[in-house]
Amino acid sequence: DEQMALLVQRVSGSYFGPYYMPCAAGVGFSYSMYRFMRDMDPAAGMLRLVAGLGTKAVDRTQGDYPRLIALDRPMAYARPSVAERHRYSQRKMDMLDTEKNELVEHAMEDVLDLLPMKCRKNLLEHDTEAELMLRQRGDYRNVYFISCQGLARNAVFTGMMQKMLKTLQRVYGSPVDIEYTINLGEEGDFVVNLLQCRPLQTCEDEEKVDIPQIPEKNAVIHIRDCCMGRSRSVKISAVVKVDAFEYYSYPYVEKPSVARAVGKLNAYFKQKKMSVVLIV
């Protein structure tokens with residue numbers, strides 16, 4: 001029930017048989033709130049990168065994981081082993097079917113023969129552990145998975161993306177997040193299209209926080225090694241939860257009443273100088 005007019009935007013990409021898509025696409029952040037290694041610099045920025053249309057980088061889809069590229073450590077992996085990298089990789093690619101005139105998704109294996117060498121070199125990686133195991137059984141074949149390793153390895157690409165993000169952050173006067181596409185040439189050249197840019201809301205907090213040790217039986221939410229954003233220790237007075245299914249099913253004209261109810265709760269707890277967590 002989207003209350004807006006028609007939005008038309010040209011899709012950046014190339015033809016792969018009957019399908020149309022960019023070689024890769026994703027979202028970028030000039031300030032990274034996700035540090036999967038302790039020595040990473042959040043101010044260097046981060047990319048989420050997928051093969052095909054960037055919908056899987058913007059929206060979380062079950063079983064598909066984008067490649068995360070920290071721009072100060074582009075070759076660093078959140079998962080150390082090849083098996084884990086394969087497990088937590090992108091399985092399906094989104095593309096436009098020009099014959100059916102619709103958005104479709106296909107498993108990488110089903111469209112592998114349509115991908116030219118320029119895409120395979122930049123987007124795919126061999127699962128060497130699986131290939132070795134198969135060879136030991138007399139099965140000699142390639143096992144690929146999407147990792148965008150060639151782009152992560154390309155210092156010209158990662159350097160340009162970092163420069164673009166820093167330039168936009170300087171002009172906007174605040175951290176930004178962007179959406180972009182990448183189209184590849186035969187000689188290793190590439191074209192990046194910047195599709196969208198908007199301010200990224202970040203919270204600056206200079207106070208050093210020591211997270212207390214809480215017994216497992218008393219912990220409600222568990223976070224290991226890293227988290228999104230900065231950490232803080234705050235005494236919570238109440239938790240307000242909006243039921244997602246009930247809200248979705250609510251008549252559109254009645255939805256603002258939920259916002260008003262949350263507003264009243266916010267005002268109440270603010271007046272009482274109490275902290276509340278809102279879960280939606």
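Since we're looking at a predicted model, the values are computed, not measured.

**Q** Describe the overall build of the chain, and please don't skip the residues or the numbers.
**A** From N to C terminus, the chain includes 9 helices and 13 strands. Taken over the C-alpha atoms alone, the chain extends approximately 65 × 50 × 45 Å along its principal axes. Counting only residues that meet the buried cut, the chain has 36% of its 280 residues in that class. Only carbon and sulfur atoms are counted for the fraction: they give 53% of the accessible area of the chain, which is about 18,300 Å². Across the chain, 38 positive and 36 negative side-chain charges occur, with their mean positions spaced 6 Å apart.

**Q** Requested: an account of the side chain of R85, with residues and values cited.
**A** Considering the arrangement of structural elements, one finds R85 in helix α2 (residues 82-87). For R85, a relative accessible area of 13% corresponds to the buried category. Among the polar contacts listed, one links the side chain of R85 to the side chain of E125, at a separation of 3.1 Å. Ignoring sequence-local partners within four residues, the contact set of R85 consists of Y77, R79, P80, E125 and F145.

**Q** Any chance you could break down the packing of aromatic side chains for me, citing the residues and the numbers?
**A** Across all of its chains, the model carries 4 aromatic pairs by this definition. Centre to centre, the rings of Y65 and Y88 are 5.1 Å apart; their planes meet at 80°, and the pair counts as edge-to-face. With Y65 in the loop between α1 (55-58) and β5 (67-70) and Y88 in the loop between α2 and β6 (92-97), this pair connects stretches of sequence that are 23 residues apart. Assessed through its relative accessible area of 24%, Y88 is described here as partly exposed.

**Q** Give a description of helix α5 (residues 128-136) that names residues and reports values.
**A** Because each turn of an α-helix spans 3.6 residues, side chains separated by three or four positions in sequence point in the same direction. Burial in α5 covers these residues: A130, E131 and L134. All buried residues of α5 lie within an arc of 100° about the axis, which places them on one face of the element. A positive phi of about 85° marks G138, the residue just after α5.

**Q** I'd like a rundown of a nonpolar patch on the surface, residues and numbers included.
**A** Taken together, the side chains of V234, I236, V239, V277 and I279 present a nonpolar region at the surface, about 380 Å² in accessible area. With respect to the secondary-structure elements, I236 resides in the loop between β11 (190-199) and β12 (238-241). I236 sits in the partly exposed class, given a relative accessible area of 40%.

**Q** Quick rundown of the environment of C119? Include the residues and the values.
**A** Among the structural elements, C119 can be located in helix α4 (residues 117-123). The class of C119 is buried, set by a relative accessible area of 0%. In this structure, the C-alpha to C-alpha distance between C119 and E186, residues 67 residues apart in sequence, is 9.1 Å. Apart from residues no more than four positions distant in its own chain, C119 is found in contact with F16, C23, L124 and L184.

**Q** Describe the sheet that holds strand β2 (residues 19-21), listing the residues and the values that go with them.
**A** Pairing within the open sheet is antiparallel, and its 4 strands lie in the order β1-β2-β6-β7. If you trace the sheet from one side to the other, it starts and ends with β1 (14-16) and β7 (102-107), each paired once. Between one strand and the next, the sheet's axes are offset by a mean angle of 45°, whatever the strand orientation.

**Q** Break down the pattern of salt bridges for me, with residues and values.
**A** Enumeration according to the criterion identifies 9 salt bridges in this entry. E125 is the partner of R85 in a salt bridge, and the nearest nitrogen-oxygen pair spans 3.1 Å. Highlighted residues: R85 in helix α2 and E125 in strand β8 (residues 124-126), separated in sequence by 40 residues. Of the two residues, R85 and E125, neither departs from the other in class, the shared state being buried. Connected via shared salt-bridge partners are K56, D64, K92, D94 and E105.

Conventions and cut-offs
Residues numbered from 1 in each chain as written. Predicted model: local features only at pLDDT ≥ 70, side-chain atom pairs only at ≥ 80, totals over all residues. Heavy atoms only, no water. Helix = DSSP H or I, 4+ residues; strand = E, 2+ residues; numbered from the N terminus. Buried < 20%, exposed > 50% of the residue type's maximum accessible area, 1.4 Å probe, protein only. Areas by Shrake-Rupley, 256 points an atom, 1.4 Å probe, with all protein chains shown as cover. Lys, Arg positive; Asp, Glu negative; His and termini not counted. Charge placed at Lys NZ, Arg CZ, Asp CG, Glu CD. Polar contact = N/O pair within 3.5 Å; in protein donor to acceptor, adjacent residues only side chain to side chain. Contact = heavy atoms within 4.5 Å. Phe/Tyr/Trp six-rings, centres within 6.5 Å; stacked < 30°, edge-to-face > 60°. Arc of directions from axis to C-beta. Patch = residues over 30% accessible without salt bridge, like charges linked within 9 Å, V, L, I, M, F, W, Y side chains within 5 Å. Salt bridge = Lys/Arg side-chain N within 4 Å of Asp/Glu carboxyl O. Pairing = 2+ DSSP bridges. Axes fitted to C-alpha atoms, helices over the stretch in contact; angles between N-to-C directions.

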